[in-house]
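Below are the chains, spelled out letter by letter.
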Amino acid sequence: MSSQTLPEAFRLRAGNFNLLVLRLLDPRPEAVLPALGDQFRRAPGFLRFAPIVIGLADLEAAPEEVDFRGLVEGLHKLEIVPIGTSGGSQAMKQAAQHAGLPPLRAVGAEAEPAPPPEAIPVPPAAAATEAAPRPDFSGSGRAAMLVAEPVRSGQRIYAQGADLIVTATVNAGAEIIADGNIHVYGALRGRAVAGAADDATARIFALNFDPELVAIAGFYAVREGLGDAPIGKPTQVRLEGEEMRFAPLG
Amino acid sequence: MAQVIVVTSGKGGVGKTTTSAAVATGLAQRGKKTVVIDFDVGLRNLDLIMGVERRVVFDIVNVIQGEARLNQALIRDKRVDTLAILPASQTRDKDALTREGVSTIIEELSADFDYILCDSPAGIEKGALLALYFADQAIVVTNPEVSSVRDSDRILGVLQSKSKRAEEKKDKVKEHLLVTRYDPNRVERGEMLKLEDVREILAIPLLGVIPENESVLKASNTGTPVIMDTESVAGQAYKDAVGRFLGEDLPHRFLEPAKKPGLFQRLFGGRAA
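Attention in this report is confined to the structure presented alongside it. (Residues numbered from 1 in each chain as written. Chains lettered and ligands numbered in written order. Predicted model: local features only at pLDDT ≥ 70, side-chain atom pairs only at ≥ 80, totals over all residues. Heavy atoms only, no water.)

## Some words on the overall build of chain A
Broken down by element type, chain A carries four helices and 14 strands. Residue burial in chain A is summarised as follows: out of 250 residues, 43% are buried. Nonlocal contacts in chain A, meaning residues at least 24 apart in sequence, comprise 42% of its contacts between residues at least 6 apart. Split by element, the accessible area of chain A, about 13900 Å² in all, is 53% carbon and sulfur. (Helix = DSSP H or I, 4+ residues; strand = E, 2+ residues; numbered from the N terminus. Buried < 20%, exposed > 50% of the residue type's maximum accessible area, 1.4 Å probe, protein only. Contact = heavy atoms within 4.5 Å. Areas by Shrake-Rupley, 256 points an atom, 1.4 Å probe, with all protein chains shown as cover.)

## Brief notes about the sheet that holds strand 1 (residues 20–23) of chain A
Residue and element names in this part refer to chain A. Judged by pairing direction, the sheet is parallel, and its three strands sit side by side in the order 1-2-3 without closing on themselves. Looking along the sheet, the strands with just one partner apiece sit at the ends: strand 1 and strand 3 (80–86). Within this sheet the neighbouring strands show an average axis-to-axis angle of 35°, counted without direction. For strand 1 and strand 2 (residues 50–55), the ladder comprises four bridges, and the chain directions are parallel. Bridged to Leu22 within strand 2 is Ile54. Across the sheet, helix 3 (residues 68–77) touches strand 1, strand 2 and strand 3, and the angle it forms with strand 3 is around 145°. (Pairing = 2+ DSSP bridges. Axes fitted to C-alpha atoms, helices over the stretch in contact; angles between N-to-C directions.)

## Considering unusual backbone geometry
The phi torsion at Ala217 of chain A lies on the positive side, around 50°, for a residue other than glycine. Here Ala217 of chain A is to be found in the loop between strand 11 (213–216) and strand 12 (219–222). Looking at Ala217 of chain A, the relative accessible area reads 4%, which means it is buried. A positive phi angle, close to 55°, is found at Arg181 of chain B, a residue other than glycine. Topologically, Arg181 of chain B is positioned in strand 7 (residues 174–182).

## Quick look at the interface of chain A and chain B
Facing the 15 residues of chain A at the interface are 15 residues of chain B. Between chain A and chain B we count four salt bridges in total. Summed over the shared surface of chain A and chain B, the result is eight residue pairs in polar contact (both at pLDDT 80 or more). Residues belonging to the side of chain A that touches chain B are distributed by class as follows: four nonpolar, six polar and five charged. (Salt bridge = Lys/Arg side-chain N within 4 Å of Asp/Glu carboxyl O. Polar contact = N/O pair within 3.5 Å; in protein donor to acceptor, adjacent residues only side chain to side chain. Nonpolar A, V, L, I, M, F, W, Y, C, P; charged D, E, K, R; others polar.)

## Looking at the nonpolar core
Residues and elements named next belong to chain B. Among the nonpolar cores identified, the biggest contains 53 residues, and Ile60, Leu109 and Ile116 are the most heavily contacted of them. Among the elements that take part in this core, helix 7 (residues 146–162) stands out by supplying five residues, more than any other. Apart from residues no more than four positions distant in its own chain, Leu109 is found in contact with Val35, Ile37, Leu70, Leu74 and Ile116. (Core = buried A, V, L, I, M, F, W, Y, C linked by side-chain atoms within 4.5 Å.)

## Quick word on helix 1 (residues 16–29) of chain B
Residues and elements named next belong to chain B. Over its 14 residues, helix 1 extends 19 Å from the first C-alpha to the last, a length consistent with the 20 Å expected when each residue adds 1.5 Å. Burial within helix 1 is extensive, with 13 of its 14 residues counted as buried. Count one or two residues on from helix 1 and you reach Gly31, which has phi positive near 90°. (Expected span 1.5 Å × (residues − 1).)

## Here we look at the pattern of salt bridges
Under the criterion given, the structure shown has 27 salt bridges over all chains. Of the charged contacts in the structure, one is a salt bridge between Glu212 of chain A and Arg150 of chain B, with a shortest N-O distance of 3.5 Å. In this pair, Glu212 of chain A sits in the loop between strand 10 (204–209) and strand 11 while Arg150 of chain B sits in helix 7, so the two residues belong to two different chains. According to the relative accessible area criterion, Glu212 of chain A is partly exposed, its value standing at 26%. Taking the shortest distance from any N to any O, the salt bridge between Glu168 of chain B and Lys164 of chain B comes out at 3.6 Å. If you follow the salt bridges from partner to partner, you end up with Arg189, Asp210 and Arg223 of chain A together with Glu200 of chain B in one network.

## Focus on the pairing of strand 4 (residues 83–86) of chain B
All names here are of chain B. Every second residue of strand 4 is oriented toward a common face, with Leu83 and Ile85 on one face and Ala84 and Leu86 on the other, all of them buried. Pairing of strand 2 (residues 34–38) with strand 4, which is carried by four bridges, proceeds in the parallel orientation. Bridging from a neighbouring strand, Ile37 pairs with Leu86 of strand 4. Counting the residues that bridge the hairpin from strand 3 (residues 75–76) to strand 4 gives six residues.

So this is what it looks like as structure tokens:
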């Protein structure tokens, strides 16, 4: 009887989060930390107390060579909060776990794709304020999410594990994100982030290319960095190595 | 059932209250029983534009807090007998508005009126959210200027996600674009956004274009909704917009620069068109 009248103490729900991944290339904290501190000093406040995932996939070292405890301590001193690891061998994951870093599983990723080594992470945008439609995975073949209404300033749409097709405009101040490709059959004036689950083969297509920012697999270009991109024209964006390429469509 | 129409914009100073007063008066002149509610609690203006500021006894906050009955707070217009105004409070803030209170007021007004216009405050905070929450239709007031267009875009997104219709997954709020303070001469000189650009970005049906016109300021200062100034271009443009709102197919006027404005026209811009 009494258990029925007790107020609910908690609810357990799944949640998806946007996190930065610190891909280790060198196992030594003394090599990683100063460079990291230097980079973050140039963006003060940007990552203060930001949770971060330590990426182990690129690390060519034996598990016993990595000083996880030293790394965790050093990160805390930089006011960065490591919360777990992604990728890496079984032994490496275990070594990290002993230092209090549990392995996290990336959404939709069975095996970690080989990432571009110097990917610049896109800062996680402010929390979505407007509800974004959920992707519809009905139909066969590769999943795609279709948006037929203009995406307006302040709206944020994420096609998780899917391509995103927008048949209207994406206005300035809006943000569209897809784990796969992005197609905009209208004007792209906001931000477009393709290959968000670290897929460097993802592309962005827009009928009228006029974006604030485009990003593929963590590489990004703001409007000022678009150079000789065909602004206002039908355009395809893809990643070639670490270079973003803008080519006219058709 | 009355239709609830929110007049909104995101940005301030673009002409929401002028539009609320003009459209409400225009609908009432067509014989529609119309009430216009000022949601800008703390910065009330609608009563001034409507010329009823000396007749305000109770306001919307009094009604919500049970200090007055709705009928005591409603001010009947002396010029158009199918028009009523529910003023905002000047001495409270937006927290005095509650969704339940507003819901009760709108329900009660629905029985007596054909149209309920909600004059939204600027911004996307509580007052603006409450003004648009119950809307069946929205008149989005936009100036031909980038920041105004972007704020209107934002408010359209809010309408699609935070209105009652959106929450209950009913048919979406019917959206109308009203471009105000349009100056064809400045558009021609490239100082203002072109109408086509505004329409292209916001991608909602165009209800009307109100030209920049001195008659609007004069109307505000004399407490006469500008639609009553039938000589002025702004008044005529509002009249057209009301006609279109009621389903009439009217061509858009005042989109081209007036030919060679003479001294008389420059002095009395509204009168000459």
